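The primary structure of each chain is shown beneath.
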Amino acid sequence: MEEKKVMIQLKNVVKFFGRHKVVKSINLDIYEGEFLTLLGPSGCGKTTTLRMIAGFEEATEGEIYLDDVNMEGKPPYARDVNTVFQNYALFPHMNVYDNIAFGLVEKKLPRAEIREKVLNALEMVQLEGFEKRKPSQMSGGQKQRVAIARALVNNPKVLLLDEPLGALDLKLRKQMQSELKHLQQKLGITFLYVTHDQEEALTMSDRIAIMNQGRIEQLGTAQDIYEHPVSKFVADFIGESNILEGYVTKTDDATISVRFEFGQLDGIAASEFVDEEMIYVSVRPEHVKYSQKPVKDFHLQGIIKEYIYAGSSIRMIAELPNSQEIILLCHPQDTLPATGTDIYLYWNPDKAVLLHTNEDKLYDLIEDAVLK
Amino acid sequence: MNTRRQKRYQKNTIPILSMVGPTGLWLLLFLAFPMVYVLAISVMTKSYYHGVEWVFSLESYKSLFQSRYLKITWDSLVLALKTSIICLVAAYPFAYILSKMRPAVKGFCLLLVMLPFWINGLIRLDGWANIIRDSGIINTFLLHIGIISKPLRMFKTDGAVLFGMVYTFLPFMILPLQTSISKIDPSLIEASRDLGCNKFRTFVRVILPLSAPGIFSGIIQVFIPSLGAFYISDIMGSNRLLLGNLIKNLFMSEKNWPAGAALSVLLIAFTLAALKLYSKIGSMDDLA
Ligand SMILES: Nc1ncnc2c1ncn2[C@@H]1O[C@H](COP(=O)(O)OP(=O)(O)O)[C@@H](O)[C@H]1O
Ligand SMILES: [Mg+2]
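Throughout, residues of each chain are indexed from 1 in the direction in which the sequence is written. Lettering of chains starts at A and numbering of ligands starts at 1, both following the order in which they are written. Only residues with pLDDT of at least 70 get local features here, since the model is predicted, and only at 80 or more are side-chain atom pairs given and counted; chain-wide, interface and lining totals rely on the full set of residues. As a rule here, side-chain values come from all non-hydrogen atoms in the structure, and water together with hydrogens is ignored.

Quick notes on the nonpolar core
Only buried residues count toward a nonpolar core. Its members are Ala, Val, Leu, Ile, Met, Phe, Trp, Tyr and Cys residues joined through side-chain atoms within 4.5 Å. Here's how the labels work: a residue is buried when its accessible area is under 20% of the maximum for its type, exposed when over 50%, partly exposed in between, all with a 1.4 Å probe on protein chains only. Ranked by size, the top nonpolar core spans 72 residues in total, and within it Leu192 of chain A together with Met236 of chain B carry the most contacts. A total of 10 residues in this core trace back to one element, the largest contributor, which is helix 7 (residues 158-182) of chain B. In this description, contact between two residues means that some pair of their heavy atoms is separated by no more than 4.5 Å. If near-sequence neighbours (up to four positions away) are discounted, Leu192 of chain A is found in contact with Ile30, Leu36, Leu38, Leu50, Ile53, Val158, Leu159, Leu160 and Leu161 of chain A. Among the nonpolar cores identified, the runner-up in size contains 36 residues, and Val84, Met124, Leu165 and Ile189 of chain A belong to it. Secondary structure follows DSSP: runs of H or I at least 4 residues long count as helices, runs of E at least 2 residues long count as strands, and numbering of each begins at the N terminus.

Quick word on the side chain of Asn212 of chain A
Residue and element names in this part refer to chain A. Within the secondary structure, Asn212 is located in strand 9 (residues 207-212). Two N or O atoms form a polar contact when they lie within 3.5 Å of each other; inside protein one atom must be a possible hydrogen donor and the other a possible acceptor, and for residues adjacent in sequence the pair counts only when both atoms belong to side chains. Engagement of the side chain of Asn212 in a polar contact is seen with the side chain of Glu217, the distance being 2.9 Å. With near-sequence residues (within four places) excluded, Asn212 lies in contact with Cys44, Glu217 and Phe233.

Overview of the sheet that holds strand 4 (residues 61-66) of chain A
Residue and element names in this part refer to chain A. Here a strand pair is declared whenever DSSP counts at least two bridges between the two strands. As summarised here, the arrangement of the four strands in space is 2-1-4-5, forming an open sheet in which the pairing is antiparallel. Only two strands of the sheet have a single partner each, and these edge strands are strand 2 (20-31) and strand 5 (69-70). Looking at chain direction, strand 1 (residues 6-17) and strand 4 are connected through five bridges and run antiparallel. Across the sheet, Ile8 pairs through a bridge with Leu66, a residue of strand 4. Note on definitions: angles span 0 to 180 degrees between N-to-C directions of axes, and those axes are lines fitted to C-alpha atoms, for helices only across the stretch in contact. Sheet contacts for helix 1 (residues 46-54): strand 1, strand 2 and strand 4; angle to strand 1, the most-contacted strand, approximately 120°.

Some details on the packing of helix 7 of chain B against helix 10 (residues 212-228) of chain B
All names here are of chain B. Contact geometry for helix 7 and helix 10: axes closest at 8 Å, N-to-C directions at 155°. Classed by the angle they form, the pair helix 7 and helix 10 counts as roughly antiparallel. For the pair helix 7 and helix 10, the crossing hand works out as right-handed. Each of Met165, Phe169, Phe172, Met173, Pro176, Leu177 and Ser180 in helix 7 lies in contact with helix 10, whose residues at this interface are Pro213, Gly214, Ile215, Ser217, Gly218, Ile219, Gln221, Val222, Pro225 and Ser226. Residue type decides the class: Asp, Glu, Lys and Arg count as charged, Ala, Val, Leu, Ile, Met, Phe, Trp, Tyr, Cys and Pro as nonpolar, and the leftover types, Gly among them, as polar. When its residues are assigned to classes, the contact of helix 7 with helix 10 shows 11 nonpolar, six polar and no charged. Here roughly perpendicular refers to angles of 65 to 115 degrees, roughly parallel to angles under 35, roughly antiparallel to angles over 145, and oblique to all remaining angles. Left-handed is the label given to a crossing in which the near helix is rotated counterclockwise from the far helix by less than a right angle, and right-handed is the label when the rotation is clockwise.

Here's the deal with the domain arrangement of chain A
The split into domains, and so the bounds of each, comes from an automatic or database assignment of domains. Annotation of chain A at the domain level lists domain 1 (6-232) and domain 2 (241-371). Domain 1 of chain A and domain 2 of chain A are separated by 38 Å when their C-alpha centres are compared.

Notes on helix 8 (residues 186-194) of chain B
Summarising burial for helix 8 of chain B: seven of the nine residues are buried, a large majority. Here the buried face of helix 8 of chain B lies against helix 1, strand 6 (81-84), helix 2 (96-106) and helix 4 (140-152) of chain A together with helix 9 (199-210) of chain B. Just beyond helix 8 of chain B, the residue with positive phi is Gly196 of chain B, at close to 110°.

Focus: the interface of chain A and chain B
Taken residue by residue, the interface counts 25 residues in chain A and 20 residues in chain B. By convention, the term buried area covers the 1.4 Å-probe accessible surface removed from two parts as they join, with the contributions of both added. Buried surface at the junction of chain A and chain B, summed over both partners, amounts to about 2000 Å²; 56% is from carbon and sulfur atoms. Broken down residue by residue, the surface that chain A buries against chain B is led by Tyr77, His93 and Glu106 of chain A, which jointly contribute 31%. Salt bridge, as used here: a side-chain nitrogen of Lys or Arg that lies within 4 Å of a carboxyl oxygen of Asp or Glu. On inspection of chain A and its partner chain B, the count reaches three salt bridges.

Brief notes about the site of ligand 1
Residues and elements named next belong to chain A. We call a residue near a molecule or strand as soon as one heavy atom of that residue lies within 4 Å of the molecule or strand. As a structural note, the neighbourhood of ligand 1 is formed by Phe17, His20, Val22, Pro41, Ser42, Gly43, Cys44, Gly45, Lys46, Thr47 and Thr48. Separating an oxygen atom of ligand 1 from a backbone N or O atom of Gly43 is a distance of 2.6 Å. Here an oxygen atom of ligand 1 sits 3.2 Å away from a polar atom, N or O, in the main chain of Cys44. Alone, ligand 1 offers 550 Å² of accessible surface; in the complex the protein occludes 59% of this. Taken together, the elements giving at least two residues each to the shell around ligand 1 come down to strand 2 and helix 1. Here, Shrake-Rupley sampling with a 1.4 Å probe gives the accessible areas, and only protein chains in the shown set may cover a residue.

Topic: the sheet that holds strand 9 of chain A
All names here are of chain A. Strand order in the open sheet made by the six strands is 6-7-8-3-9-10, with mixed pairing throughout. Two strands bound the open sheet, and with one partner strand each, they are strand 6 and strand 10 (215-220). Taken over all neighbouring pairs, the strand axes of this sheet differ in orientation by 20° on average, direction set aside. Relative to strand 9, strand 3 (residues 35-39) runs parallel, the two sharing four bridges. From the neighbouring strand, Leu38 faces strand 9, where its bridge partner is Ala209. Those strands touched by helix 1 are strand 3, strand 6, strand 7 (158-162), strand 8 (190-195) and strand 9, and its axis lies near 150° from that of strand 7. Strand contacts of helix 4: strand 6, strand 7 and strand 8, with the helix running at about 175° to strand 6, the strand carrying the most contacts.

Topic: the pattern of salt bridges
By the definition in use, this model includes 23 salt bridges over all chains. The shortest N-O distance in the salt bridge between Asp75 of chain B and Arg240 of chain B comes to 3.2 Å. Of this pair, Asp75 of chain B sits in helix 3 (residues 67-99) while Arg240 of chain B is found in the loop between helix 11 (231-236) and helix 12 (243-252), placing the two residues 165 residues apart along the sequence. A relative accessible area of 15% places Asp75 of chain B in the buried class. Classification of Arg240 of chain B by relative accessible area gives partly exposed; the value is 38%. The network of salt bridges with shared partners includes Lys15, Arg51 and Glu57 of chain A together with Glu190 of chain B.

Brief notes about the packing of aromatic side chains
Two rings from Phe, Tyr or Trp (for Trp, the six-membered ring) form a pair when their centres are within 6.5 Å of each other. A pair whose planes differ by under 30 degrees is stacked, one over 60 is edge-to-face, and the rest are tilted. By the definition in use, this model includes 19 aromatic pairs over all chains. Aromatic pair Phe298 of chain A and Tyr346 of chain A: ring centres 6.4 Å apart, planes at 70°, arrangement edge-to-face. Taken together, the residues span a long stretch of sequence, with Phe298 of chain A in strand 16 (residues 298-310) and Tyr346 of chain A in strand 19 (residues 342-346) at a distance of 48 residues. A relative accessible area of 11% means that Phe298 of chain A is categorised as buried. Of the residues examined, Tyr346 of chain A reaches a relative accessible area of 24% and is grouped as partly exposed. For the pair Phe33 of chain B and Tyr37 of chain B, a centre-to-centre distance of 6.0 Å together with 15° between the ring planes defines the contact as stacked.

Some details on the confidence of the model for chain B
All names here are of chain B. Of all residues in chain B, 94% attain a pLDDT of 70 or more, and the chain-wide mean is 87. When mean pLDDT is compared element by element in chain B, helix 8 scores highest at 96, while helix 1 (residues 2-42) scores lowest at 77. In the predicted complex, the global pTM is 0.82; the interface-specific ipTM is 0.83. On a scale of 0 to 100, pLDDT captures the predictor's confidence in every residue.

Here we look at the pairing of strand 16 of chain A
Note on strand geometry: in a regular strand, side chains alternate between the two faces of the sheet. All names here are of chain A. Sheet topology note: the strand 13 (residues 263-269)/strand 16 ladder contains three bridges and is antiparallel. Among the inter-strand pairings, Gly263 is bridged to a residue of strand 16, identified as Leu300. Here seven bridges tie strand 16 to strand 17 (residues 313-319), and the two strands are oriented antiparallel to one another. Across the sheet, Tyr309 pairs through a bridge with Ile314, a residue of strand 17. The hairpin turn running from strand 16 into strand 17, its antiparallel successor, is two residues long, and Gly311 in that turn takes a positive phi close to 65°.

This is the structure:
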């Protein structure tokens, strides 16, 4: 694989607001031309991270490099990045043309050149003919296009987007998602995108950084993260997971058993766990299967509690003896046993993810994963 | 149908009248009636004994074109304009700092701005007179330490009038400016910095234009009262007359009510023109 150029580098970035540690030692490399998304629940520090890169906030500790230049002490106007704000932040006293030309005017480009660039930018976001409009005369979607054009027209090294589609309705949001993605691919500009919407992140991003409580818990492609979550938080946050909590019993160096309150898994190939360690076993609903006869190595018995019909699929809810619910995805064509039937649950061992519960170990793993 | 509408009309008329009535009556009594009265006097004949004789005449309006009136009008306009501009320049930085304060501190500072209003303006100006007149605090002090050998002439000058005007009307500039600057969305300032503007350029390109409603409103609120104020130049000024003094004199000492009324009408016309201009500028942009 060719060597990719690092466009933004965060090194041990920490941010305190007063005594409140909001960002806790973030390390992150963002490559040139990449679409990277910071995804996490509200309040986890995404906006703060973005604002430190833009220069609106100063990192308390650590360094931020843009194209190999340390940004410390550089005001926003001296950084070659531009931001698309969630509330658009269009200048209400200027029309669309002047809004988009704002940065170019400040660079003192010749008028003709500004005009050409602004008109190109308008074409790019499909707003030809809107030059004279005031922001107050436009819809939310149109305003957001102007905000995107106003940022991109400066040809920044990185475009920072903070929940740019958050205020739009679902249909428009879907449409803008694909437009943004195409725009990014066409222009080849590095995008750092912030959202709390996992579906948005999964559909648009080259890589996703999952943030939780000021840390990056996992960094990887959508598929990576979906198939191999590194923590219970990620397994829970991205898609749907059945998570079982149990204790490890080592059989030998390469195999373990996991004991639950209500059953046991045997013969699992895993070496990174110690005896008596508490772990989570996480399985996606589409990977859980059932049988009406016992299954080798899987001692998990339950009863079918109910079926939920969801169009193209049926969700079976099975209840374990401790009344934990397990979700299974079934095909509507299958002949399904009646509710109340006893069943044995099993899955392809490759499809289950074993997760440490020990926080220290977890964060060691995360640091390793992020630093590598 | 018709009767029902009539019924509803009757049903609604009384409550509406009872709500609008007192306000309407108040406006009629204290606003419309005096205005009409002034307008009426302005088109009558002057009388040395009664101030006005109820015979129609446009003599008073013709008399306005006397060069002495024109000069006084001009002086007053210039002084009001100077007052407005000095107030604007003095108030802007203060209003800007105010708008950046935490709400509690801001409230306290605004209270300090308003506090002098609870003391009669004449008394406050008298206080200033004590400070700046020939035998006042400043001159006494400077004479005492020997910097000057004869008192500085500050009191009873045009400068003192201008100072008194600015002092009196400054809060009318600070308040609308402060409101207007506070309303600017902070993310607009961030957007400006993001797009390459330093603090100064952000001020010029974003903050100043977005505080235009406050600037216009402040200028109007200072300009209009300073055009008509007479007591400030009475106390602080030499014997240069301003519109306010002239109107007062025409009514009180010269007993030429029609001319006084005509000048008042002129003053009201200036005010309305200023307000018209303001609302026109306001509706040109959706700033406010
Ligand atoms: N200027 C600030 N002062 C104090 N606390 C702040 C400030 N900005 C954000 N925070 C706090 O920092 C945490 C992270 O905020 P933020 O980065 O906006 O999260 P996100 O964008 O992921 O929702 C929140 O708990 C928020 O209350
Ligand atoms: Mg946020």
